Amino acid sequence: MELAMPGERVTASFAKIEAAADYLGNGAIEVNRYESEIADIVRRESVFLTRVPETPATGHPHRFFDQTAIATASFTDPRNITPSAAGPTRTERAVYIKAVTGQTNFGLFDVDVTRMQGQFAYVEAKDIEDIVSGISITEASAVWNGTASAITDSSTQSFCGLLTQISNQATISLGASIIDGLKAKVASMLANQTQNVRPTAIYLNPILNDLIDREAKAAHIDLKTVEVVAGVHVKFISTQAGELPLIPDPFIPATTDTSYGFASPGSGNSNYFAVIVTERFLERPVVHGGDGNLKPRIFQLGLLAGLQGQFVGVHFSAVVAKRADAAHAVVAVVRPTVTPG
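These notes cover the structure that comes with them. (Residues numbered from 1 in each chain as written. Predicted model: local features only at pLDDT ≥ 70, side-chain atom pairs only at ≥ 80, totals over all residues. Heavy atoms only, no water.)

### Observations concerning the overall build of the chain
Of regular secondary structure, the chain possesses seven helices and 18 strands. Scaling as 2.2 N^0.38, a compact globule of 341 residues should have a C-alpha radius of gyration of about 20 Å, whereas the chain reaches 29 Å, well beyond that. Overall, the chain is about 130 × 55 × 35 Å in size when its C-alpha atoms are taken along their principal axes. Taking all contacts inside the chain whose residues are at least 6 apart in sequence as the whole, residues at least 24 apart take part in 71%. Split by element, the accessible area of the chain, about 19,900 Å² in all, is 53% carbon and sulfur. The positive charge centre, built from 27 side chains, and the negative charge centre, built from 34, are 10 Å apart in the chain. (Helix = DSSP H or I, 4+ residues; strand = E, 2+ residues; numbered from the N terminus. Rg over C-alpha atoms; globule rule 2.2 N^0.38 Å. Contact = heavy atoms within 4.5 Å. Areas by Shrake-Rupley, 256 points an atom, 1.4 Å probe, with all protein chains shown as cover. Lys, Arg positive; Asp, Glu negative; His and termini not counted. Charge placed at Lys NZ, Arg CZ, Asp CG, Glu CD.)

Right, dumping it as structure tokens:
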């Protein structure tokens, strides 16, 4: 408060209090207070990233082999054996590692004020943790619809999404049964005489999942539930590969054009995608620098000239579908467009 000359009134400080107060009255001065918890339902996790964990990369690029055939045999005359030499078919494959980063800057003054008030003492740690969450969500989206044209595309910074990698495709036309179509595709995968395919899950757009629920209800089919990760229960359908969980993933897109090699669904319709996967043939290679930490790493940089603290998160990773021609399949279901939200 400033000192006043005799006869002068000091009103400036009280005027500031009144402007910040909710109420001023006899025996009462009500000031702003907030709940200490921030209302937060922002998405921070992905069932896919939980079920398909990271593995150490072999290098950059990450290299592996796909075997597509074994040595062939043939019948012959038992008294005149004439064998034919043959060998297995193996293909060398490589996937380029991509970098995902996140950053948060903290101003020294505002951090000091927040700490002094004590009401949101946890917010600094929360914002640092959200850097990691932001990296995970970016990866969760790119897992399906990353923009790289192939796993060997080194010029595009994003992943090559699984919808692009998986070449085994099918379409369920408008009006056809979704459940029957998915079961038929799984059966055709298992009927492959040269590949021992065992799908383990079906990831799909949540709107498509709801359409399956509606179809099951109309047909009096009881879809039971199964736990896919801790605390997450989903419906499953019985197929020739066993009971496959229907895992909704909001990052699987719906399209109205010819994306991912499918025909246009027509005016007023969308292609809703279901991805039948053999999860042991899905891989998320990570470059970790030798410390064994496969998760995103956080680095605290020095103070900037404006006394701002920098926290930077980085994750060097990729996603790859091994045997993308047989171990997995993408099914486009044509249905009237539903606006999400």
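Still to come is the rest of the account.
### What about the packing of helix α6 (residues 178-190) against helix α7 (residues 206-218)?
Where α6 meets α7, the axes come as close as 9 Å, and the angle between the chain directions of the two elements is 110°. Comparing their axes, α7 and α6 come out roughly perpendicular. Across the interface between the two elements, Ile178, Ile179, Asp180 and Leu182 of α6 pack against Leu208, Leu211, Ile212, Glu215 and Ala216 of α7. Within the contact of α6 with α7, the residues separate by chemical class into seven nonpolar, no polar and two charged. (Axes fitted to C-alpha atoms, helices over the stretch in contact; angles between N-to-C directions. Parallel < 35°, antiparallel > 145°, perpendicular 65-115°, else oblique. Nonpolar A, V, L, I, M, F, W, Y, C, P; charged D, E, K, R; others polar.)

### A word on the side chain of Ser46
As for its position among the elements, Ser46 is in the loop between β2 (28-31) and α2 (47-51). Within the local environment of Ser46, its side chain forms a polar contact with the backbone nitrogen of Leu49, the two atoms lying 3.3 Å apart. (Polar contact = N/O pair within 3.5 Å; in protein donor to acceptor, adjacent residues only side chain to side chain.)

### What to know about the nonpolar core
Phe48, Trp144, Leu162, Tyr203 and Val275 are the most contacted members of the largest nonpolar core, which totals 31 residues. Among the elements that make up this core, the one with the highest residue count is helix α4 (residues 123-145) (five residues). Among the nonpolar cores identified, the runner-up in size contains 24 residues, and Met189, Leu204, Ala241 and Val331 belong to it. (Core = buried A, V, L, I, M, F, W, Y, C linked by side-chain atoms within 4.5 Å. Buried < 20%, exposed > 50% of the residue type's maximum accessible area, 1.4 Å probe, protein only.)

### Quick word on the packing of aromatic side chains
Going through the model one piece at a time under the given rule, you end up with six aromatic pairs. Ring geometry for Phe48 versus Trp144: centroids 5.1 Å apart, planes at 65°, classification edge-to-face. Here the residue Phe48 occupies a position in helix α2, and Trp144 occupies one in helix α4, the gap between them amounting to 96 residues. A relative accessible area of 1% means that Phe48 is categorised as buried. Residue Trp144 is classed as buried on the basis of its relative accessible area, which comes to 0%. Pairwise contacts between aromatic rings join Phe48, Trp144 and Tyr203 into one cluster. Its guanidinium or amino end placed over the ring of Phe64, Lys322 lies 5.1 Å from that ring's centre, counting from NZ or CZ. (Phe/Tyr/Trp six-rings, centres within 6.5 Å; stacked < 30°, edge-to-face > 60°. Lys NZ or Arg CZ within 6 Å of the ring centre and 35° of its normal.)

### Quick look at the environment of Gly242
Positionally, Gly242 belongs in strand β11 (residues 242-248). Classification of Gly242 by relative accessible area gives partly exposed; the value is 29%. When the C-alpha atoms of Gly242 and Ser46 are compared, they prove to be 24 Å apart, with 196 residues separating the residues in sequence.

### Points about a nonpolar patch on the surface
A contiguous nonpolar surface patch, about 270 Å² in accessible area, is contributed by Leu24, Ile29 and Val31. Mapped onto the elements of the fold, Ile29 is located in strand β2. (Patch = residues over 30% accessible without salt bridge, like charges linked within 9 Å, V, L, I, M, F, W, Y side chains within 5 Å. Salt bridge = Lys/Arg side-chain N within 4 Å of Asp/Glu carboxyl O.)

### Digging into unusual backbone geometry
For the peptide bond that leads from His60 to Pro61, omega is 5°, which places it in the cis range. Even without being a glycine, His220 presents a positive backbone phi close to 60°. Owing to a relative accessible area of 74%, His220 belongs among the exposed residues under this scheme. Its identity is not glycine, yet Arg323 carries a phi of approximately 50°, on the positive side. Note that Arg323 resides in the loop between β17 (320-321) and β18 (329-336). You can call Arg323 buried: its relative accessible area is 8%.

### Some remarks on the pairing of strand β10 (residues 232-239)
Every other side chain in a regular strand lies on the same face of the sheet, so the side chains alternate between the two faces. Relative to β10, strand β9 (residues 225-229) is paired through four bridges, and the arrangement is antiparallel. Directly across from Val226, in β10, lies its bridge partner Val234. Linking two consecutive strands that pair antiparallel, namely β9 and β10, is a turn of two residues; a positive phi of about 85° is found at Gly231 within it. Where β10 meets β11, four bridges bridge the pair, whose relative direction is antiparallel. Within the sheet, the bridge partner assigned to Ser238 lies in β11 and is Glu243. Counting the residues in the hairpin turn of β10 and β11 gives two residues. (Pairing = 2+ DSSP bridges.)

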